[in-house]
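# Examining the three-dimensional arrangement
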Amino acid sequence: MSMRMLPARLSVFRAPWFFGLLVLAALVLHPGVASAQQQMSKRFPAGNSIRLVIRNISGKVIVESWDRTEVKITATIESPAANVAPKQLRDGVMVDVMGDNRGRGDIGNVNFKIQVPANFIVDIETRMGDITIANIRSKQVRAHVTSEGDIELIGIVASEVFAQNLSGNIFFDGEVSRGGSYQFQSGKGDISIRIPASSVFDLNASALDKKLALGGFWNSGFRTVGEGQRFSKTTVDVNDGRAKLVIRNFEGGITFVRR
Amino acid sequence: MNCEKCQDLIHDLVDGALSREDSAVLNQHLDDCLSCADVRNDLQAIVSFCQQNRGQYLAPPNEQALWLRIRNVIEAETAVPAPATPVKRSFWPAWLGRSWELSLPQLAAAVAALVVVVSLATAVVIRRADSTDPNITNNRTQRGIGAVAATNVRDRFSQQEQAIAYWNQRVELNKERWNAQMRETFDRNLQVIDQAVNNSLNELTRNPHDEVSEEMLNAALNEKLALLKEFSDL
């Protein structure tokens, strides 16, 4: 009887789905693959909070607004895993990967996706990695990449906006408020500003390689300084309550686009 | 009764406030003691005088002179000796009212002083006019500013370089612990910022008055410092 059963067993082993299953099981159970990524998710009631502060070392950070009155932080932690401990502060929520892992040197990327109420102050800083902040209408939005990473600020209405990186593009799509302050600086990358055609502002834009394109705003009374390295309004207009834009690019262009 | 007790009671005796028994005892002592009797007699004389002349005291012979003397004594005792204040006279009446009789040497000295003052004032006015004239100012400042600006930039650059060297040293100590990706990114971005520093310096060498390049150089040096500081923490 056992001899009769043998061919049947062999046919089972030959079945392609069986081998597929075996490979899948091996992949899932392999310790390297299993520990390559960790997921972390945490929610905080917004309550009286008004601020989100992220201090990351490396990895992408995406912040977007949603309709709920709570903050949701989702992080994908790559190996070697960093210690990621979101904290509720008196006036907001903070994740200080930098502070919590100081001196460790070799840690993997931490990629964040964070949802906050639209009126939150957003302050993101990372050593390297892209930052995207979308649909925030608040007092302040700040994005700082110490070294390499693109910065995208989309649908931003804030009276203070700061974006700075060393390598990578900066894209701002939003509105400039009367009396507001807007600073953008890149070492090597293009800076693009997309604002409504009706925007009224004073501009101090400098680029060493002289790639400055004011587009439709050219006729707004700007003048060039320093052999075309800078566009500037006359200083007389600076304190008239208009928005003030300071843009600096060491190696790359500055482009204005009218919306 | 002794004398001490007797003299205590004499006032009451004179006023008629003692009882009959006490008066009898007291009078008996007064009959025997001559000194106590003298005290009683003096006291009785004073009391009877006061009773007779109530409200009719004699006025001093010269009342006004007396009050004047009293006031003088009070003033002499209470008045603090104040520094003598000369009578102030305003400047112009005093100056105009003065007698201007000058001798010949005095007159010559006054004329000489006037000439010196006028000369000095003229020199100051001419100097001030020069400094407000943009043409003259530009000519003067253009000569100096180039050298000064270049020196300032170089000074600041060398100061910043010292700080950068310190932080660079710290980064080098920690760099071995970083992963490969981190090291590559850091090196790549350090090159970017060094390129910006060099470009700004080249522009400034070509045109020492270029404020944009100077501003960019400062910003690039600050960026380099910030990059080193923040990566030295890793």
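Sequence order as written defines residue numbering, which begins from 1 separately in each chain. All chains are assigned letters beginning with A, and all ligands numbers beginning with 1, in the order in which they are written. Only residues with pLDDT of at least 70 get local features here, since the model is predicted, and only at 80 or more are side-chain atom pairs given and counted; chain-wide, interface and lining totals rely on the full set of residues.

## Some remarks on the overall build of chain B
Going by this rule: A run of DSSP states H or I qualifies as a helix once it reaches four residues; a run of E qualifies as a strand once it reaches two. Both are numbered from the N-terminal end. Counting other C-beta atoms within 10 Å of each residue's C-beta, where C-beta atoms are placed from the backbone, gives the exposure class: buried for 20 or more, exposed for 12 or fewer, partly exposed between. C-beta atoms are placed from the backbone for every residue, and two residues are taken to be in contact when these atoms lie within 7 Å.
When helices and strands are counted, chain B shows 9 helices and 0 strands. Mapped from its N terminus to its C terminus, chain B presents α and β elements in the order α-α-α-α-α-α-α-α-α. When the 234 residues of chain B are sorted by exposure, 13% land in the buried category. If you take every contact in chain B between residues at least 6 apart in sequence, the share linking residues at least 24 apart comes to 65%.

## Thoughts on unusual backbone geometry
All names here are of chain A. Cis geometry is adopted by the peptide bond preceding proline 80, which originates at serine 79 and carries an omega value of -10 degrees. If you trace the backbone, proline 80 turns up in the loop between strand S4 (70-78) and strand S5 (87-88). For asparagine 135, which is not glycine, the phi dihedral falls at a positive 55 degrees. By secondary structure assignment, the location of asparagine 135 is in the loop between strand S9 (131-134) and strand S10 (137-145).

## Considering helix H9 (residues 211-232) of chain B
Because each turn of an α-helix spans 3.6 residues, side chains separated by three or four positions in sequence point in the same direction. For clarity, the threshold we go by: The length a helix should cover is 1.5 Å for every residue beyond the first.
Here H9 of chain B is 22 residues long and its end C-alpha atoms lie 32 Å apart, about the 32 Å a rise of 1.5 Å per residue gives. Every buried residue belonging to H9 of chain B is among Val212, Ser213, Glu214, Met216, Leu217, Ala220, Leu221, Glu223, Lys224, Leu227, Leu228 and Phe231 of chain B, and all of these are buried.

## Notes on the interface of chain A and chain B
Taken together, the contact between chain A and chain B spans 23 residues of the former and 29 residues of the latter. Listed by contribution, the elements that provide at least two residues to the side of chain A that touches chain B are strand S2 (51-58), strand S8 (121-128), strand S11 (151-167), strand S12 (170-188) and strand S18 (243-251) of chain A. Ranked by residue count, the leading element in the side of chain A that touches chain B is S18 of chain A, at 3 residues.

## Some points on the nonpolar core
In plain terms, the rule: Buried Ala, Val, Leu, Ile, Met, Phe, Trp, Tyr and Cys residues form a nonpolar core when they are connected through C-beta atoms within 7 Å.
Counting residues in each nonpolar core, the largest one holds 73 residues, and the members touching the most others are Leu52, Val122, Ile133, Val141, Leu153 and Phe172 of chain A. When residues in this core are grouped by element, the largest group, 8 residues, is from H9 of chain B. Ignoring anything within four residues of it in the chain, the contact list for isoleucine 133 of chain A reads Val63, Val122, Ile124, Val141, Ala143, Leu153 and Ile156 of chain A.

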